[in-house]
Amino acid sequence: DEIRYSTGNQYDRLYSAEGSDAAVALLTWGHDQLVRRLLAPLFDFTRKGLEQHQAAFKLNNLVRYTWQTRDLSALRDYRSRWEQEARRLDTGRTAPNGLFPQEQYCGDIHTPVQSLNANSKAWRALRDLGAFLAEVGEDDVARHYAAAAAAFRPILLRAIDAATNRTT
């Protein structure tokens, strides 16, 4: 009940990004029950140095699953897990520029970077979580995460603008 990146080699393990991409593809093709089972190992997986990056994938997986299937039991059953990840994204922007602090580039490249990709995924996770929670009537929590996403958006857009190379 894991969706591994590969088998029989050094990548024979779970990775958040790749496992999430595969789970979303399976969900798109109607494999709801399989994806429901895969949410648990994706939530439980962690790799030190990529916590914000992974939190965004975990929340995006849950929101995508529950929006598509309307299986609200997943929201309830994984509540302690998704609340922990949502708190991580809500309180983790501690870099001086308002973004998340540096994390390693990826699972097998440990160079610390401040990733616009990870920050963008985190913004999207907070935004979608707020929208979904509002849809199912969890208004106070929904407003909190919607406000967090709204406050984060201009910071993220400024960082993207500053990092964009327009010299071509």
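Here, every reference points to the structure presented above.
This text gives an overview of the structure that appears in the document.

Criteria and cut-off values
- Residues numbered from 1 in each chain as written.
- Predicted model: local features only at pLDDT ≥ 70, side-chain atom pairs only at ≥ 80, totals over all residues.
- Heavy atoms only, no water.
- Core = buried A, V, L, I, M, F, W, Y, C linked by side-chain atoms within 4.5 Å.
- Buried < 20%, exposed > 50% of the residue type's maximum accessible area, 1.4 Å probe, protein only.
- Helix = DSSP H or I, 4+ residues; strand = E, 2+ residues; numbered from the N terminus.
- Contact = heavy atoms within 4.5 Å.
- Salt bridge = Lys/Arg side-chain N within 4 Å of Asp/Glu carboxyl O.
- Axes fitted to C-alpha atoms, helices over the stretch in contact; angles between N-to-C directions.
- Parallel < 35°, antiparallel > 145°, perpendicular 65-115°, else oblique.
- Left-handed = near helix turned anticlockwise from the far one by under 90°.
- Expected span 1.5 Å × (residues − 1).
- Bend = angle between axes of the 7 residues up to and from the residue.
- Lys, Arg positive; Asp, Glu negative; His and termini not counted.
- Arc of directions from axis to C-beta.

1. Considerations on the nonpolar core
Here is step 1: Leu62, Tyr78, Trp82, Leu89, Leu129 and Phe152 are the most contacted members of the largest nonpolar core, which totals 39 residues.
Here is step 2: Those elements giving two or more residues to this core turn out to be helix 1 (16-28), helix 2 (32-44), helix 3 (51-69), helix 4 (72-77), helix 5 (79-91), helix 6 (116-135) and helix 7 (139-163).
Here is step 3: Beyond its immediate chain neighbours, meaning those up to four positions away, tryptophan 82 contacts Phe43, Leu59, Leu62, Leu75, Leu129 and Leu133.

2. Digging into the pattern of salt bridges
Here is step 1: Tallying each qualifying case throughout the model produces 15 salt bridges.
Here is step 2: Aspartate 44 is the partner of arginine 81 in a salt bridge, and the nearest nitrogen-oxygen pair spans 2.9 Å. Highlighted residues: arginine 81 in helix 5 and aspartate 44 in helix 2, separated in sequence by 37 residues.
Here is step 3: Residue arginine 81 is classed as partly exposed on the basis of its relative accessible area, which comes to 27%.
Here is step 4: Between lysine 58 and glutamate 85 there is a salt bridge; the shortest N-O distance is 3.4 Å. You can see lysine 58 sitting in helix 3 and its partner glutamate 85 sitting in helix 5, a full 27 residues away along the chain. Considered together, lysine 58 and glutamate 85 belong to a single accessibility category, that of buried residues.

3. Quick word on the packing of helix 2 against helix 5
Here is step 1: One can describe the packing of helix 2 onto helix 5 by two numbers: an axis separation of 11 Å at closest approach and a directional angle of 40°. By the criterion of interaxial angle, the relationship of helix 2 to helix 5 is oblique. When the axes of helix 2 and helix 5 are compared, the crossing they make is left-handed. The residues of helix 5 that touch helix 2, namely those facing Ala40, Phe43 and Asp44, are Arg81, Trp82 and Glu85.

4. Quick word on helix 7
Here is step 1: In this model helix 7 runs 36 Å from its N-terminal to its C-terminal C-alpha over 25 residues, within 8% of the 36 Å that 1.5 Å per residue would give.
Here is step 2: The principal kink in helix 7, of about 30°, is found at arginine 153, preceding the proline proline 154 by one to four residues.
Here is step 3: All of the buried residues in helix 7 are Ala142, Tyr145, Ala148, Ala149, Phe152, Ile155, Leu156 and Ala159.
Here is step 4: Of the surrounding elements, those touching the buried residues of helix 7 are helix 5 and helix 6.

5. Topic: the environment of alanine 118
Here is step 1: When you line up the elements, alanine 118 lands in helix 6.
Here is step 2: Considering only alpha carbons, one finds alanine 118 and phenylalanine 57, 61 residues apart in sequence, at a separation of 9.1 Å.

6. Regarding the side chain of arginine 47
Here is step 1: Among the structural elements, arginine 47 can be located in the loop between helix 2 and helix 3.
Here is step 2: Buried within the structure, arginine 47 lacks any salt-bridge partner; its nearest side chain of opposite charge belongs to aspartate 108, at an N-O separation of 7.2 Å.
Here is step 3: Each residue touching arginine 47, except ones within four places of it in the same chain, is listed here: Arg13, Leu14, Tyr15, Gln54, Gln104 and Gly107.

7. Concerning the environment of tyrosine 105
Here is step 1: Mapped onto the elements, tyrosine 105 comes out in strand 1 (residues 103-106).
Here is step 2: Each C-alpha atom, one on tyrosine 105 and one on histidine 53, is 9.9 Å from the other, the two residues being 52 residues apart in sequence.
Here is step 3: Filtering out sequence-adjacent residues up to four positions away, tyrosine 105 remains in contact with His110, Thr111 and Val113.

8. What to know about helix 5
Here is step 1: For helix 5, which comprises 13 residues, the first-to-last C-alpha distance of 18 Å matches the rise-based estimate of 18 Å (1.5 Å per residue) to within 8%.
Here is step 2: Trp82, Glu85, Ala86 and Leu89 are the residues of helix 5 that are buried. For helix 5, the angular spread of the buried residues around the axis is 100°, confining them to a single face. Of the residues in helix 5, the exposed ones pointing more than 90 degrees away from the buried face are Ser80 and Thr91.
Here is step 3: On its buried face, helix 5 is in contact with helix 2, helix 3, helix 4, helix 6 and helix 7.

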